[in-house]
Structures are given as C-alpha cells and as structure tokens.
Amino acid sequence: MKKVEIAVGIVRSHDGKIFITQRGESSHLAGFWEFPGGKIEPNETPFETLQREIAEEIDIHIHKAKFLKTVQHQYNDRALTIHAYLIEEWDGEPFAAEGQPSRWVDEEELNADEFPDANRTIIEMLKNLDKDFN
Ligand SMILES: Nc1nc2c([nH]c(=O)n2[C@@H]2O[C@H](COP(=O)(O)OP(=O)(O)OP(=O)(O)O)[C@@H](O)[C@H]2O)c(=O)[nH]1
Ligand SMILES: [Mg+2]
C-alpha cells in the first residue's frame, strides 16, 4: 500500500473566510475541494513543506501558523497522513497560482461533503475551535 504524508494549510481571514482550491481533473480525488498543501519531501519537516507548498500553490508567505491536528485516513489505494495547520497571518494575497479553481468560503459554510473523506475530522475540529473561543 502506498503511503502518502502531506501538510495542508487552512488560510483564514480576519472575517472568518477560508481560502480553498479544487483538485484538478486528472488528479487523485478530482473535483473535490481541498486545503492547499502537498507531499512532504525527504528531509523536510511538515512545517517546511507547508511553507513551500503554500508559496507554490497560492503564492503567499506564511508569518505564523498554528499546528491543528494530524489525521490518518485509509483510501482504497493509499494510506494518507495529513498534518493540518491554521494560517492567520501571511504576506500577499492568496490566489490559485497553478490555475486551479479557488474560492473564499465562510467557515460556517464549509461543507465536509465537498472535501475528501480524510478532511472530515479536520473540518469538525475547525468548527469546534471557534466554539471554544466565542
Ligand atoms: N493538498 C491536499 N491533499 C489532500 C487533501 N485531502 C486529501 O485527502 N488529500 C489527498 O492527499 C494526497 C496528496 O495531495 P497532493 O496535492 O500533494 O498530491 P497530488 O495531487 O500530486 O497526488 P497524486 O499525484 O497522488 O494524484 C492526494 O491523494 C489528495 O487526494 C487536502 O485537503 N489537501
Ligand atoms: Mg497539492
């Protein structure tokens, strides 16, 4: 079984909107929405991967990121580990630098059904975080 380990960023604006991108037509889980990020390369820490992938995919420079959660998920063809970070301070304006569809979505309107199954617990945690603070 193929093992894949990734780092993803939940980019959240001060007014509670999250920047998400859509997976390309020919990729694994095509058409689902995702948090920008990608595979950890040899000799990279998850945070280094996060900085690199976020720069490549949405062209922002991270100032501060808060580690949220690591989740594991078994797909048919791969065992996936996701390290998820919350990014609330950055330089630049996020855009889909690789030409993929993208949008800002209100956190309350994040719909786990539009994301791969592995994202479900991350989205739940995100919504619960705010309950604790509000
Ligand atoms: N970037 C990203 N990948 C995710 C998320 N949720 C999720 O299950 N994945 C899965 O994590 C794996 C790594 O995604 P990736 O963007 O780095 O890699 P990729 O499309 O080049 O993968 P591939 O070449 O195996 O198709 C993919 O299998 C993707 O479907 C997410 O929120 N963000
Ligand atoms: Mg990627």
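Up top is the structure.
Just so it is clear, the model here is predicted, and its values are computed rather than measured.

Hey, could you go over the site of ligand 1 for me, with residue numbers and the actual values?
Around ligand 1 there are 15 residues in total, and His28, Glu34, Gly38, Pro116 and Ala118 lie nearest to it. Counting residues per element, the ones that place at least two in the shell around ligand 1 are strand E1 (2-12) and strand E4 (37-39). Of the residues assigned to the shell around ligand 1, the class counts are eight nonpolar, five polar and two charged.

Tell me about the environment of Tyr75, and name the residues and values.
Within the element layout of this structure, Tyr75 appears in the loop between strand E5 (61-74) and strand E6 (78-91). Distance from Tyr75 to Glu56, taken between C-alpha atoms, is 26 Å for residues 19 residues apart in sequence.

Account for the nonpolar core, with residues named and values stated.
Counting residues in each nonpolar core, the largest one holds 25 residues, and the members touching the most others are Ala7, Val8, Ile10, Ile18, Ile82, Ala84 and Tyr85. For this core, the element with the highest residue contribution is E1, accounting for five residues. Every residue in contact with Ala84, bar those within four places of it in the chain, is listed here: Val8, Ile10, Phe35, Leu68, Lys69 and Ile122.

Lay out the pairing of E5 with the relevant residues and their values.
In terms of strand pairing, E5 meets E6 through 12 bridges, oriented antiparallel. Within E6, the residue paired with Lys64 across the bridge is Glu89. The antiparallel hairpin formed by E5 and E6 contains three residues in its connecting segment.

Give a detailed account of the environment of Ala96, specifying residues and quantitative values.
Inspection of the secondary structure puts Ala96 in the loop between E6 and strand E7 (102-106). Among the residues examined, Ala96 registers 17 C-beta atoms within 10 Å and is labelled partly exposed. Along the sequence, Ala96 and Phe47 sit 49 residues apart, while their C-alpha atoms lie 20 Å from each other. Setting aside anything within four residues of it in sequence, one finds Ala96 in contact with Thr21, Ile58, Pro101 and Ser102.

Account for helix H1 (residues 46-58), naming residues and giving values.
Spanning 13 residues, H1 covers 17 Å between terminal C-alpha atoms, matching the ideal 18 Å at 1.5 Å per step. Where H1 is concerned, the buried positions are Thr49, Leu50, Glu53, Ile54, Glu57 and Ile58. The buried side chains of H1 occupy one side of the element, clustering within an arc of 120 degrees when seen end-on. Check the buried side of H1 and you find it contacts E1, strand E2 (17-22), E4, E5 and E6.

Please set out the environment of Trp104 residue by residue, giving values where relevant.
Among the structural elements, Trp104 can be located in strand E7. Using a count of 14 C-beta atoms within 10 Å as the deciding quantity, one classes Trp104 as partly exposed. Separated by 70 residues in sequence, Trp104 and Glu34 have C-alpha atoms that sit 12 Å apart. The residues touching Trp104, leaving out its near neighbours within four places in the chain, are Lys17, Ile18 and Phe19.

Here is what the cut-offs are and how they apply
- Residues numbered from 1 in each chain as written.
- Chains lettered and ligands numbered in written order.
- Predicted model: local features only at pLDDT ≥ 70, side-chain atom pairs only at ≥ 80, totals over all residues.
- Near = placed C-beta within 6 Å.
- Helix = DSSP H or I, 4+ residues; strand = E, 2+ residues; numbered from the N terminus.
- Nonpolar A, V, L, I, M, F, W, Y, C, P; charged D, E, K, R; others polar.
- Core = buried A, V, L, I, M, F, W, Y, C linked by C-beta atoms within 7 Å.
- Buried ≥ 20, exposed ≤ 12 C-beta atoms within 10 Å, placed from the backbone.
- Contact = placed C-beta atoms within 7 Å.
- Pairing = 2+ DSSP bridges.
- Expected span 1.5 Å × (residues − 1).
- Arc of directions from axis to C-beta.

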